[in-house]
Amino acid sequence: MQDVKITIQETTNNTIIKFNTNQILINGGSYEYNNIDEAKNSPLAQELFYLPFVKKIFITANFIAVQRYDILEWIDVQEEVKEQIEAYLNDNGVVVNESPTSKKEAIEVYAEATPNPSVMKFGSSKSLTQTDVEYKNIDEASKSSPLAQAIFNFPFVKEVFISDNYVSVTKYDMVEWNDVYAEVRTFIREYLVSGKTIIKELPTEEKSTSENKIAEPQVALEGIPAQISDILDEYIKPAVASDGGNIAFRSYDEENKIVRVVLQGACSGCPSSTATLKNGIESLLKEMLPNQINEVVAING
């Protein structure tokens with residue numbers, strides 16, 4: 001692992017801070033450690049536990065969360081911890097020894113129709129990613145996600161979207177889902193059970209800022225944009241995720257009071273997405289932010 005960059009993110013718990021990385025640390029799932037003895041399979045966590053203020057460590061695919069004891073404040077040490085983690089990772093230090101076991105992990109995968117007839121949602125009992133990723137073709141997938149690349153080997157697959165615990169697959173009109181969903185479901189389950197890599201690295205910044213990708217804000221949102229983003233996260237995202245889709249705030253035109261959002265997964269290209277956008281999302285934002293919203297526009301969908 002090289003050229004790893006860490007960004008610091010505060011959380012609602014002032015004893016916990018997140019160190020986000022620009023590279024994938026582990027292959028899906030997450031690990032939590034309460035002390036150095038529990039961290040025997042994580043050399044990185046063991047090293048961090050030698051810091052006298054570290055109470056608990058949580059490791060996921062793209063961030064490390066650390067909880068401190070009350071003997072100091074994070075502002076006093078967060079930069080030093082960030083530099084320590086960066087140096088460790090850039091020296092090819094092992095994050096977690098994810099050694100395969102002879103007993104296969106019990107994983108369930110179910111297929112679920114979505115409002116978009118071209119998209120099928122494949123839910124998983126295994127956590128897949130902490131960062132939503134979308135691929136429009138096999139070339140994009142080959143640079144980032146072996147799972148998505150493998151799914152594209154089905155000739156009828158048009159797009160693949162991977163979220164927290166599901167994969168949304170968009171098909172071409174050459175087949176009907178009733179004829180192929182069982183085969184895709186079995187393939188995804190066997191792929192996950194075998195412990196193969198889901199995402200080997202996050203899409204590059206160039207891709208993540210294109211119109212059909214979601215880019216994480218480089219600075220914290222404030223004012224109306226922050227309120228819009230919070231409303232989408234709390235009220236809209238859970239609903240669209242249940243249908244195999246995703247929505248994210250992109251921008252707010254203060255002068256014209258126009259909100260731009262990105263639609264992904266089942267929401268992208270869905271026949272009902274326009275009605276959902278106008279009757280649902282736009283109405284909710286106008287109600288919760290009176291006189292601040294004139295229109296909600298989808299960049300794609």
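On a predicted model such as this, the values are computed, not experimentally measured, just so you know. (Residues numbered from 1 in each chain as written. Predicted model: local features only at pLDDT ≥ 70, side-chain atom pairs only at ≥ 80, totals over all residues. Heavy atoms only, no water.)

Draft legend 1. Summary view of the pattern of salt bridges. If you walk through the whole model with that rule in mind, you get six salt bridges. As a salt-bridge pair, lysine 136 and glutamate 134 come within 3.9 Å of each other at their nearest N and O atoms. Accessibility assignment for this pair places lysine 136 and glutamate 134 in one class, buried. A salt bridge links lysine 286 to glutamate 282; the nearest nitrogen and oxygen atoms lie 3.4 Å apart. On the criterion of helical spacing, the pair formed by lysine 286 and glutamate 282 is a turn pair, its members being four residues apart in helix α8 (residues 273-288). You can call lysine 286 partly exposed: its relative accessible area is 35%. A network of salt bridges, in which partner residues are shared, links Arg68, Asp70 and Glu73. (Salt bridge = Lys/Arg side-chain N within 4 Å of Asp/Glu carboxyl O. Buried < 20%, exposed > 50% of the residue type's maximum accessible area, 1.4 Å probe, protein only. Helix = DSSP H or I, 4+ residues; strand = E, 2+ residues; numbered from the N terminus.)

Draft legend 2. Up close: the side chain of lysine 171. Along the chain, lysine 171 falls in strand β10 (residues 166-171). Buried charged residue lysine 171 carries no salt bridge. Nearest counter-charge: aspartate 173, at 4.2 Å. Looking at lysine 171, its side chain comes within polar contact range of the main-chain oxygen of valine 175, at 2.9 Å. Excluding residues within four positions of it along the chain, lysine 171 makes contact with Pro117, Ser118, Phe156, Lys158, Glu176 and Trp177. (Lys, Arg positive; Asp, Glu negative; His and termini not counted. Polar contact = N/O pair within 3.5 Å; in protein donor to acceptor, adjacent residues only side chain to side chain. Contact = heavy atoms within 4.5 Å.)

Draft legend 3. Summary view of helix α5 (residues 177-193). Taking 1.5 Å per residue, 17 residues should reach 24 Å; α5 reaches 23 Å between its end C-alpha atoms and fits that length. What α5 keeps buried is the set Trp177, Val180, Val184, Ile188, Tyr191, Leu192 and Val193. In the core, the buried residues of α5 are packed alongside β6 (109-113), β7 (119-124), α4 (146-151) and β10. Downstream of α5 by a residue or two, glycine 195 has a phi angle that is positive, lying close to 75 degrees. (Expected span 1.5 Å × (residues − 1).)

Draft legend 4. A look at the sheet that holds strand β3 (residues 31-33). Spatial strand order, β1-β2-β5-β4-β3: five strands in an open sheet with antiparallel pairing. The open sheet is flanked by β1 (6-10) and β3, the only strands paired with a single partner. Neighbour-to-neighbour, the strand axes of this sheet turn through a mean angle of 20 degrees, independent of strand direction. Of the strands in this sheet, β1, β2 (16-21) and β5 (63-68) touch helix α2 (residues 74-90), which is tilted by about 30 degrees from β2. (Pairing = 2+ DSSP bridges. Axes fitted to C-alpha atoms, helices over the stretch in contact; angles between N-to-C directions.)

Don't take any of this as a statement about function, it's just geometry.
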